[in-house]
Amino acid sequence: MWWLRRKVNDMLYGTVIKRIWKKIILVCLYAFGVVYAYHNVPGIEGLKFKLNLVEILGIVTGLLLVFRTQIAYDRYWEGRNLWSKMGSCIGTLARLVWISAKARDAKDVVEKKTIMNLLSAFPLATKHYLRDEYAQEFEEVREYLSVFPEALHKPASAQGNQNGVANGKIKPVDELPNFVAPSNVPSIIVYYIGSYMDLLIERNMVDRNVMRILQDNVTELEDILAALEKILRTPMPLAYSLHLEHCLHIYVMALPFQLVHAMSWYCIPIAGIACFAILGILGIGAEIENPFGYDDNDLPLDDFCKSIINEIRLILNLRLPKQDEWMINSKNFPCGRGCGLNALEMSKTLTINQMYELIRQQALVDPSHDNEMKTSRNSVSIISNGKWDIFPETEP
């Protein structure tokens, strides 16, 4: 029944049971065979392992599992931090390009909007690149990359996999192509954005300090992409992974012989539970060491991309603010509504010294007290109802 299947899938979402359930069944069958032989095969009832052997195997296996899981989680957390840095860099680039780069005509605005499209495409292209997919085959990326030459629209089936990674495994060196194909779309996007920075310098559209920030963030994007590739292309050493799996399987196979004498048939579920606990930790490490895929426990890259793109859209939607519109108006109360004067009235009625005195006196007031305070200059006083009364010594 479909509803029961859906309920089970919801219960198992995010767990490693789907990865290890076959091994758990095999261990239970193996434990059943050990118990059956113990009770029915003559002479085998005396076969049992010493407790010291299982303890030694357990200590070694525990140390290996801790190290394995810690490395996997470090990779997972580093990937998350890198995506956070990417969002910060793209947000800074978008804000400075859209606001600080002075447009002289419609052509400049078109160029700025094109760069905003490239910034929107960068996280999407990076997501597909980390998943060993060609970004240009996805509509969500092509929407922003219409500016790219036709040579970069070559389908992935005609290019082959250029990442050096296939199904999470590193390709041998002799299988890698000896030419550079346009599959690393994020790197090409950074190249185009960098060329626009040179154009801003040539046209003198931004000052030197802003350009330094822009170039630093473009370089930071390159560093982030390189760090993400390092996580993707650096798997757990094969010898370590194999040795850990061998130790785990030896431990699980030795466990029924240790338990059968004391627990008899009860050692079958106990062996299954032990297998679930031990192999589950191993499965968690294997699942999160490459956090860029489609597994339930992988990073939500789609949500990260949507968040970055929404921030860019917000920047495009906001009109450039004018200080006189949002600072010097009747709705702005710099000293609070209890002062009774808005920003427009302050700018017209107070001198600069009176304004500083007002701010200084406000900083001395505890908002929880209604006690009357008077200044030595008698230029500003606070009355019990919280209203500010201005008594200027001289006319503004």
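None of these values were measured; they are calculated from a predicted model.

Engineer: Please give an account of the overall build of the chain that cites residues and values.
Structural biologist: A count of helical and extended segments in the chain gives 14 helices and five strands. Burial statistics for the chain: of 396 residues in total, 40% are counted as buried. By sequence separation, contacts in the chain at least 24 residues apart represent 69% of the contacts at least 6 residues apart.

Engineer: Residues and numbers for the packing of aromatic side chains, please.
Structural biologist: What the rule picks out here adds up to eight aromatic pairs. Ring centres 6.3 Å apart and planes at 20° place the aromatic pair Tyr73 and Tyr76 in the stacked group. Placement of both Tyr73 and Tyr76 in helix H3 (residues 51-100) is noted, with a separation of three residues, approximately one turn of the helix. Arranged with centres 6.2 Å apart and planes meeting at 70°, the rings of Tyr191 and Tyr192 form a pair that is edge-to-face. Under the relative-accessibility criterion, Tyr191 is labelled exposed at 63%. A network of ring pairs unites the aromatic residues Phe32, Tyr36 and Trp265 as a single cluster. The ring of Trp98 is capped by Lys112, whose NZ or CZ atom sits 5.1 Å from the centre of that ring. For the cation-ring pair, Arg131 lies above Tyr294, with the distance from its terminal atom to the ring centre recorded as 4.2 Å.

Engineer: Help me get a handle on the pattern of salt bridges, residues and values and all.
Structural biologist: Going through the model one piece at a time under the given rule, you end up with 11 salt bridges. Residue Glu140 pairs with Lys127 through a salt bridge whose shortest N-O separation is 3.0 Å. In this pair, Glu140 is assigned in helix H5 (residues 139-142) and Lys127 in helix H4 (residues 106-130), connecting sequence segments 13 residues apart. Residue Glu140 is classed as partly exposed on the basis of its relative accessible area, which comes to 31%. As a salt-bridge pair, Arg131 and Asp302 come within 3.9 Å of each other at their nearest N and O atoms. Here Arg131 is found in the loop between H4 and H5, whereas its partner Asp302 is found in helix H11 (residues 301-317), with 171 residues between them in sequence. Salt bridges sharing partners connect three or more residues here, namely Arg104, Asp108, Glu111 and Arg203.

Engineer: Hey, could you go over unusual backbone geometry for me, with residue numbers and the actual values?
Structural biologist: Unlike most non-glycine residues, Asp132 shows phi in positive territory, near 65°. Position of Asp132 among the secondary structure elements: in the loop between H4 and H5. By relative accessible area, which is 29% here, Asp132 ends up partly exposed. One non-glycine residue with positive phi stands out, namely Asn204, at about 55°. Of the residues examined, Asn204 reaches a relative accessible area of 63% and is grouped as exposed.

Engineer: For the confidence of the model for the chain, give the residues involved together with the corresponding values.
Structural biologist: Of the residues in the chain, 76% reach a pLDDT of 70 or more, and the chain-wide mean stands at 78. In this model, residues 155-174 is a region of pLDDT below 50 whose contacts with residues beyond four sequence positions or in other chains number 37 contacts. Note on residues 176-182: pLDDT under 50 across the span, and 11 contacts to partners over four residues away in sequence or across chains.

Engineer: Please provide a residue-by-residue account of a nonpolar patch on the surface, values included.
Structural biologist: There is a patch of nonpolar side chains on the surface, built from Trp21, Ile25, Leu26 and Leu29 and spanning about 420 Å² of accessible area. Among the secondary structure elements, Ile25 is positioned in helix H2 (residues 17-40).

Engineer: Kindly report on the packing of H2 against helix H10 (residues 267-288), identifying the contributing residues and their values.
Structural biologist: Here H2 crosses H10 at 150°, and the two axes come no closer than 8 Å. It follows from the interaxial angle that H2 and H10 lie roughly antiparallel. Handedness of the H2/H10 crossing: right-handed. Residues Ile17, Arg19, Ile20, Lys23, Ile24, Val27, Cys28, Ala31, Phe32 and Val35 of H2 pack against Cys267, Ile268, Ala271, Gly272, Cys275, Phe276, Leu279, Gly280, Gly283, Ala286 and Glu287 of H10.

Engineer: Outline H2, supporting the account with residue identities and numerical values.
Structural biologist: With 24 residues, H2 should cover 34 Å at 1.5 Å per step; its first-to-last C-alpha distance of 33 Å lies within 8% of that length. Among the residues making up H2, those that are buried are Ile20, Ile24, Val27, Ala31, Val34, Val35, Ala37 and Tyr38. In this structure, the buried residues of H2 make contact with helix H9 (238-263) and H10.

Engineer: Can you break down the side chain of Thr92 residue by residue, with the values?
Structural biologist: Within the secondary structure, Thr92 is located in helix H3. For Thr92, the contacting residues outside a window of four places in its chain are Ile213 and Asn217.

Engineer: Report on the nonpolar core, specifying residues and quantitative values.
Structural biologist: Residues Trp83, Met86, Leu119, Ile189, Met197, Leu200 and Leu214 are the most contacted members of the largest nonpolar core, which totals 56 residues. Of all the elements in the fold, those that place two or more residues in this core are H3, H4, helix H7 (185-203), helix H8 (208-233) and H11. Looking at this core element by element, the count peaks at 12 residues for H3. Residues Tyr38, Leu248, Tyr251 and Cys275 belong to the second largest nonpolar core, which totals 29 residues.

Engineer: Could you give an account of the packing of H2 against H9, with specific residues and numbers?
Structural biologist: Between H2 and H9, the shortest axis-to-axis distance is 10 Å and the interhelical angle comes to 35°. Remark: the crossing between H2 and H9 carries right-handed chirality. Facing H2, whose interface residues are Lys23, Val27, Tyr30, Ala31, Val34, Val35 and Tyr38, H9 presents His249, Val252, Met253, Pro256, Phe257, Val260 and His261.

Engineer: How would you summarise H7 if you had to cite specific residues and measurements?
Structural biologist: The terminal C-alpha atoms of H7, which comprises 19 residues, lie 27 Å apart, in line with the 27 Å expected from a rise of 1.5 Å per residue. Following H7 by one or two positions, Asn204 adopts a phi angle in the positive range, close to 55°.

Engineer: So what's going on with the environment of Phe32? Residues and values would help.
Structural biologist: Mapped onto the secondary structure, Phe32 falls in helix H2. By relative accessible area, which is 40% here, Phe32 ends up partly exposed. It is 9.7 Å that separates the C-alpha atoms of Phe32 and Ala271, two residues lying 239 residues apart in sequence. Residue contacts for Phe32: discarding those within four places in its chain leaves Trp265 and Ile268.

What counts as what
- Residues numbered from 1 in each chain as written.
- Predicted model: local features only at pLDDT ≥ 70, side-chain atom pairs only at ≥ 80, totals over all residues.
- Heavy atoms only, no water.
- Helix = DSSP H or I, 4+ residues; strand = E, 2+ residues; numbered from the N terminus.
- Buried < 20%, exposed > 50% of the residue type's maximum accessible area, 1.4 Å probe, protein only.
- Contact = heavy atoms within 4.5 Å.
- Phe/Tyr/Trp six-rings, centres within 6.5 Å; stacked < 30°, edge-to-face > 60°.
- Lys NZ or Arg CZ within 6 Å of the ring centre and 35° of its normal.
- Salt bridge = Lys/Arg side-chain N within 4 Å of Asp/Glu carboxyl O.
- pLDDT = per-residue confidence, 0-100.
- Patch = residues over 30% accessible without salt bridge, like charges linked within 9 Å, V, L, I, M, F, W, Y side chains within 5 Å.
- Areas by Shrake-Rupley, 256 points an atom, 1.4 Å probe, with all protein chains shown as cover.
- Axes fitted to C-alpha atoms, helices over the stretch in contact; angles between N-to-C directions.
- Parallel < 35°, antiparallel > 145°, perpendicular 65-115°, else oblique.
- Left-handed = near helix turned anticlockwise from the far one by under 90°.
- Expected span 1.5 Å × (residues − 1).
- Core = buried A, V, L, I, M, F, W, Y, C linked by side-chain atoms within 4.5 Å.

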